[in-house]
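Residue-level listing of the chains:
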Amino acid sequence: MLDGMNPRQREAVTADFGPVLVVAGPGSGKTRVLTHRIAYLIEEQGYPSHRILAVTFTNRAAREMRERVDGLVGEMGKRVTLGTFHNVCGMILRREHEHTAFSRDFVIYDSQDQIALVKKVLIDLGLDSNKHQPWPVLNAISGAKNELIGPEQFPVPNYDAEIARRVYLEYDKRLQASDARDFDDLLTHVVRLFQQHPDVLERYQRYYSYALVDEFQDTNMAQYELIRLLAGEAANIFVVGDPDQSIYAFRGADYRNVKRFQQDFNPATIILEENYRSHQYILDAATAIIRENPEHIRRNLFSQRKTGPKLTIHEAYNERDEAQYVLNAISDLVSSREYKRSEIAVLYRLNAQSRVLEETFVRSGMPYRLVGATAFYGRKEIRDTIAFMRLVNNPLDRVSLDRVINVPPRGIGDKTVEQFYAWADTMPGGVWGALQALVHGDQTPLSGRSRNTLTQFAEMLNRLRLKLDTSNPLELLDAVLEETGYMEYLQRDRTDQGQQRLDNIAEFRRVAYENTEKSLAGFLNEVALVSDVDNLDKGNADAPTFLTLHAAKGLEFPVVFIIGLEEGILPHRRALEDEKEMAEERRLMYVGLTRAKDRVYMIYTFRRMMWGYYDMNMPSRFIGNIPPEITLGGARVPQPPAEHLFYQPKWETKWEPTNTRQTETPKAAKPVPARKVAPSRFQKGQQVVHQAFGDGVVINTDSSGDFEIVDVLFKQHGSKKLDASFLQPKGEA
DNA sequence: GTCAAACGCTTTTTT
DNA sequence: AGCGTTTGAC
């Protein structure tokens, strides 16, 4: 079993019981180590496989691990619990639903459902949704959930936070009323369950007496806590991660959890540095980029393939020219028989960048596969159909009801819906009780046409619900398409778009067909938790793949194109003034480069149409980090002026001292990086005056950067973040 | 009061 | 590509 493994990998696979941390660089065989560790536990240590829990972040990773474990130990491995965090948590919540305020068949709201709900709450609370955008509110709520902060403890430093707190409170109430949980709830509710029911926790601790975690750098607070609880006293826990590949901070992931794990568990630590994927030039380029990060811990990525094709850097005139260059290069690689189309990927920072690529490829007749936001499960027709099925499964689901109550148009307009909800909210059974009252012919405040149309809708739902116990997901799907008139509605549309929608429905029927052995609730659970990357290898067409850098993590391709390498795109413009975000952009670029086995093409444009305007961006600073000796064309690329690289002067002072290899340093000797903190001119609670905004009070000050930034709540103008030099202490003229 | 067509806007990244 | 808003027809 240990054949062909390097000494470090063997060390990891055969490590003693107790906590183990494997710091695994890209392409270093981490999946191999994880799966062999599982096989080792089962075969060499005689560990019962049903007591092993392995969690990943994507279904794709889970499936790959499952296949490889099966390949190693066959039948014996079948009973290992192997799934994503969200999957495993969902399973626990369904199994233990008696200890919770939700049913076994609760629905899962994805981010689109979440935003729809937040919008609704904002309007219903009388907070004009034009003034308070739903996105920042949802981010605040989600961020709080990830940190295990409930609406009661939600901190309120300013008015925006107060809004978020009120929405959070109501949002959670409505989730419960709908018997629905959002993605974050799946994790936090399990943590809460374990905290409130020690007996349940103990049962799971005993049941899963060995836990393995993949991509540990992507865990958030809730996930870390979950693992900590589950690991218990025995702490038989094996985690694999790479802080340099942490690219999900925006959703609460905290790569410092790796450091926290070292402090909390004092694990055996193994570092995998040999790369089996790329040749050395690619690794050198990746290293050159990542080592500029202030908190990067130095590592020596090396490959047995000492050389390979140099990395190509190309300037295109604009985004159309960029797409054309990619198309031509792919055609050349394919016609020279060097690579198959499916061995090629085009990576970009923003989903919006795929549009031009698609247009160019469609026009030339070159096939492609697109992974991303507007792909399958984001389609309107799919979401509508799922909403109907969710309603059949759980009639309390308000977000789904909202979505389809008048789709296809059945004469239930805004006014009718408003009246109906106003009445339904006074009913003990909620919307479901109200609908049944209509069917029974009870007296209601509704009358005339609204009453008729709503009653027909309710009767239709009842007809569908009758089939619930006797039908499989596919039969229910067909019944939904028929009864709701949705199929006819799509067929009436004779345009290309209408035809495409029918094709998508046909594809969705195929998905249902593959899940006929599941219950409707099980099918909906599956559908809620899959993403587009998960289905990547199902479409086995011979075509290059277009995907975002985020979606590419964990994948590898012989040939990788990275497009839009410009200041403002990669790195993203929001990162240009924020050191932490810039570090994340570097990690993204690092992840992108290390996907490639053989060939890398990096492309930037001279000018680019973005948001309707032409921008002339400088080439990305990341290109400038790559040594010209290993590139074709790199030496000629102009770079943004040094003063724009806002943190560059800090490299000398800050980067060097933190560049010790922490994992080899004993805990006590951990050096605390010296940090010059300028004395603060203002204190919390101090009264201040601003020339334009008038009187205010200081909420917070931050002098950790080059300037002192003060958070002030003004009497007239709300809260603002300002440079301290714009403020006067009150009374000092 | 309902509905369809036209227009402008957008989310950085996603389980 | 979808969504919200506006406009105009019924």
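Treat the numbers as computed from the prediction; the structure is a model and nothing was measured.

Conventions we followed
Residues numbered from 1 in each chain as written. Chains lettered and ligands numbered in written order. Predicted model: local features only at pLDDT ≥ 70, side-chain atom pairs only at ≥ 80, totals over all residues. Heavy atoms only, no water. Helix = DSSP H or I, 4+ residues; strand = E, 2+ residues; numbered from the N terminus. Contact = heavy atoms within 4.5 Å. Areas by Shrake-Rupley, 256 points an atom, 1.4 Å probe, with all protein chains shown as cover. Lys, Arg positive; Asp, Glu negative; His and termini not counted. Charge placed at Lys NZ, Arg CZ, Asp CG, Glu CD. pLDDT = per-residue confidence, 0-100. Phe/Tyr/Trp six-rings, centres within 6.5 Å; stacked < 30°, edge-to-face > 60°. Buried < 20%, exposed > 50% of the residue type's maximum accessible area, 1.4 Å probe, protein only. Lys NZ or Arg CZ within 6 Å of the ring centre and 35° of its normal. Near = heavy atom within 4 Å. Polar contact = N/O pair within 3.5 Å; in protein donor to acceptor, adjacent residues only side chain to side chain. Nonpolar A, V, L, I, M, F, W, Y, C, P; charged D, E, K, R; others polar. Salt bridge = Lys/Arg side-chain N within 4 Å of Asp/Glu carboxyl O. Pairing = 2+ DSSP bridges. Axes fitted to C-alpha atoms, helices over the stretch in contact; angles between N-to-C directions. Core = buried A, V, L, I, M, F, W, Y, C linked by side-chain atoms within 4.5 Å. Parallel < 35°, antiparallel > 145°, perpendicular 65-115°, else oblique. Left-handed = near helix turned anticlockwise from the far one by under 90°.

J.: I'd love a proper account of the overall build of chain A, names of residues and values included.
T.: Check the secondary structure of chain A and you find 27 helices and 24 strands. On the principal axes, the C-alpha backbone points of chain A span a range of 80 × 80 × 60 Å. For chain A, the proportion of contacts with a sequence separation of at least 24, taken over those separated by at least 6, is 74%. Surface exposure of chain A reaches about 33900 Å², of which carbon and sulfur atoms provide 49%. Side chains of chain A give 93 positive and 100 negative charges; the mean places of these two sets differ by 0 Å.

J.: Break down unusual backbone geometry for me, with residues and values.
T.: Residue Pro408 is reached from Val407 by a cis peptide bond, and omega for that bond is -10°. A cis amide bond links Leu570 to the next residue, Pro571, at an omega of 5°. For Pro571, the location among the structural elements is in the loop between β15 (557-562) and α25 (579-593).

J.: An account of the confidence of the model for chain A is requested, with residue identities and associated values reported.
T.: Close reading of the predicted structure is inappropriate where its pLDDT is low. Counting all residues, the mean pLDDT for chain A is 86, and 90% of those residues have values of 70 or more. Segment residues 647-678: pLDDT under 50, and 43 contacts once partners within four positions in sequence are set aside and those in other chains are kept.

J.: Lay out the packing of aromatic side chains with the relevant residues and their values.
T.: The final tally for this structure, using the stated rule, is 22 aromatic pairs. Taken together, a centroid distance of 4.4 Å and an interplanar angle of 10° make the contact between Phe561 and Tyr601 stacked. In this pair, Phe561 sits in strand β15 while Tyr601 sits in strand β16 (residues 596-605), placing the two residues 40 residues apart along the sequence. Accessibility assignment for this pair places Phe561 and Tyr601 in one class, buried. In textbook terms, an aromatic cluster arises when at least three aromatic residues are bridged by ring pairs, as seen for Phe194, Tyr204, Tyr207 and Tyr208. Between the NZ or CZ atom of Arg398 and the centre of the ring of Tyr421, over which it lies, the distance is 4.1 Å.

J.: Describe the protein's contact with DNA strand C, with residues and values.
T.: Lys119, Arg355, Lys380, Arg403 and Arg501 make up every residue found near DNA strand C. Arg501 is positioned such that a nitrogen or oxygen atom in its side chain is 2.9 Å from a phosphate oxygen of DNA strand C. For the surface near DNA strand C, the per-class residue count stands at no nonpolar, no polar and five charged.

J.: Help me get a handle on the pattern of salt bridges, residues and values and all.
T.: Applying the stated criterion across every chain, the model contains 47 salt bridges. Between Arg403 and Asp384 there is a salt bridge, and its shortest N-O distance comes to 2.7 Å. Of this pair, Arg403 sits in helix α16 (residues 398-404) while Asp384 sits in helix α15 (residues 380-393); the two residues are 19 residues apart in sequence, bridging distant segments of the chain. On the accessibility criterion, Asp384 (1% relative accessible area) is buried. Counted as one network, the salt bridges with shared partners bring together Lys30, Asp214, Glu215, Asp218 and Lys553.

J.: Give a description of the sheet that holds strand β12 (residues 344-348) that names residues and reports values.
T.: Hydrogen bonds along the backbone pair up the strands of a sheet, which may run parallel or antiparallel. Pairing is parallel across the open sheet formed by seven strands, whose spatial order is β13-β14-β12-β15-β16-β11-β19. Lying at the two open borders of the sheet, with one neighbouring strand each, are β13 (369-370) and β19 (631-632). In terms of strand pairing, β15 meets β16 through five bridges, oriented parallel. Directly across from Ile562, in β16, lies its bridge partner Met602. Sheet strands touched by helix α12 (residues 280-290): β11 (311-316) and β16. Its angle to β16, the strand with the most contacts, is close to 50°. Seen against the sheet, helix α13 (residues 319-335) touches β11, β12, β15 and β16 and runs at an angle of roughly 155° to β16.

J.: For the nonpolar core, give the residues involved together with the corresponding values.
T.: Grouped together as the largest cluster of nonpolar side chains are 50 residues, with contacts concentrated most on Tyr377, Met389, Phe420, Phe457 and Phe508. The biggest single contributor to this core is α15, with seven residues. Non-local contacts of Phe420, meaning those with residues more than four positions away in its chain, are made with Val431, Ala434, Leu435, Leu438, Leu446 and Leu454. Membership of the second largest hydrophobic core comes to 42 residues, among which are Ile282, Ile290, Leu555 and Tyr604.

J.: Mind laying out the packing of α15 against helix α23 (residues 520-529), listing which residues take part and the relevant values?
T.: Where α15 meets α23, the closest approach of the two axes is 10 Å, and the angle between their N-to-C directions is 140°. Taken together, α15 and α23 sit at an angle that is classed as oblique. In the crossing of α15 with α23, the sense of the turn from one axis to the other is left-handed. Counted together, Ile386, Met389, Arg390, Val392 and Asn393 of α15 and Leu520, Ala521, Phe523, Leu524 and Val527 of α23 form the full contact between these two elements.

J.: So what about the protein's contact with DNA strand B? Which residues, and what values?
T.: Taken together, 27 residues form the shell around DNA strand B, and within it Phe57, Arg349, Asn406, Gly411 and Thr416 come nearest. When atoms of DNA strand B within 4 Å of the protein are split into backbone and base, the sugar-phosphate part holds 63%. Phe57 places a polar main-chain atom, nitrogen or oxygen, 2.6 Å from a sugar or linking oxygen of DNA strand B. Between DNA strand B and the protein, one listed contact pairs a sugar or linking oxygen with a side-chain N or O atom of Arg251 at 3.5 Å.

J.: I'd like a description of the pairing of strand β21 (residues 694-702), backed by residues and values.
T.: Successive residues of a regular strand alternate their side chains across the two faces of the sheet. Two strands pair when backbone bridges link them, and strand β20 (residues 687-690) and β21 are joined in this way by four bridges, in the antiparallel orientation. Bridge pairing links His690 to Gly694 in β21. As paired strands, β21 and strand β22 (residues 709-714) are joined by six bridges and run antiparallel to one another. Bridging from a neighbouring strand, Asn700 pairs with Asp711 of β22.

J.: Which residues make up the sheet that holds strand β1 (residues 20-24), and what values do they have?
T.: Across the sheet, which stays open at both edges, the six strands sit in the order β3-β2-β6-β7-β1-β8 with parallel pairing between neighbours. Sheet topology places β3 (81-84) and β8 (268-272) at the edges, where each strand pairs with a single neighbour. Adjacent strand axes in the sheet meet at a mean angle of 15° when their direction is disregarded. Bridge analysis of β1 against strand β7 (residues 237-241) gives four bridges, and the strand direction is parallel. Pairing of Leu21 across the sheet is with Val239, part of β7. Here helix α3 (residues 59-73) sits on the sheet in contact with β2 (52-56) and β3, set at roughly 160° to β3.

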